[in-house]
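# A closer look at the structure
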Amino acid sequence: MFGYIFGAVIYCLCGMVFISIGVYDYKSEKPITINTSIKPPRVEELKSVSEWNKKHGLLIGGYGVLLILGYALSYFFIYNVYICLLLYVVLPFLYIPFMMFYHKYLEKKLIDK
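Let us look at the structure shown here. (Residues numbered from 1 in each chain as written. Predicted model: local features only at pLDDT ≥ 70, side-chain atom pairs only at ≥ 80, totals over all residues. Heavy atoms only, no water.)

The next point concerns the packing of helix α1 (residues 2–27) against helix α2 (residues 49–74). Following both chains from N to C, one finds α1 and α2 inclined at 170°, their axes separated by 7 Å at the closest point. Between α1 and α2, the interaxial angle falls into the category roughly antiparallel. Crossing angle aside, the handedness with which α1 passes α2 is left-handed. Its residues assigned to classes, the contact of α1 with α2 shows 18 nonpolar, nine polar and two charged. (Axes fitted to C-alpha atoms, helices over the stretch in contact; angles between N-to-C directions. Helix = DSSP H or I, 4+ residues; strand = E, 2+ residues; numbered from the N terminus. Parallel < 35°, antiparallel > 145°, perpendicular 65-115°, else oblique. Left-handed = near helix turned anticlockwise from the far one by under 90°. Nonpolar A, V, L, I, M, F, W, Y, C, P; charged D, E, K, R; others polar.)

Written out as structure tokens, the structure is:
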């Protein structure tokens, strides 16, 4: 039981970090980016800075919610290892490529070339 509580604390803390980053990005006035190695687009390049920030904020905050809900839902399937593995590991790792593809979609949709 200690291991489950310890894991819940870790997952909740990580989820809350992503949710707080998502809220910050959602409310930001300047353009933001998901990846720190990419420069954010300039204001002149974007069709709508607020839409850009809101979509990215929801994307990052959604990852935090997925972490917390995945761990919370796994409590009901604690004796089924495969479902727990799916909720702990597979879903968060599948969300990362989704974030990458959605970011590319937003670049095509909201950045004027």
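Now for the nonpolar core. The biggest cluster of nonpolar side chains holds six residues, and these are Leu46, Val49, Trp52, Leu106, Leu110 and Ile111. If you list the elements that add at least two residues to this core, you get α2 and α3 (81–110). Within the second largest apolar cluster, five residues are counted, among which are Leu59, Tyr63, Leu67 and Tyr95. (Core = buried A, V, L, I, M, F, W, Y, C linked by side-chain atoms within 4.5 Å. Buried < 20%, exposed > 50% of the residue type's maximum accessible area, 1.4 Å probe, protein only.)

Right, let's get into the state of the cysteines. In this structure the tally under the stated criterion is zero disulfides. The thiol sulfur of Cys14 is not disulfide-bonded, and the nearest other cysteine sulfur, from Cys12, lies at 9.5 Å. (Disulfide = S-S within 2.5 Å.)

Applying the stated rule across the entire model yields eight aromatic pairs. Aromatic side chains Tyr71 and Tyr88 sit 4.9 Å apart centroid to centroid with 15° between the ring planes, which places their arrangement in the stacked category. On the criterion of sequence distance, the pair formed by Tyr71 in helix α2 and Tyr88 in helix α3 is long-range, its members being 17 residues apart. Residue classification places Tyr71 among the buried residues on the basis of a relative accessible area of 7%. Centre to centre, the rings of Tyr102 and Tyr105 are 5.8 Å apart; their planes meet at 35°, and the pair counts as tilted. Placement of both Tyr102 and Tyr105 in helix α3 is noted, with a separation of three residues, approximately one turn of the helix. Under the relative-accessibility criterion, Tyr102 is labelled partly exposed at 24%. Three or more aromatic residues link up through ring pairs in this structure, and these residues are Phe18, Tyr63, Tyr95, Phe98, Tyr102 and Tyr105. (Phe/Tyr/Trp six-rings, centres within 6.5 Å; stacked < 30°, edge-to-face > 60°.)

Scope: geometric values only; no functional claims are made or implied.
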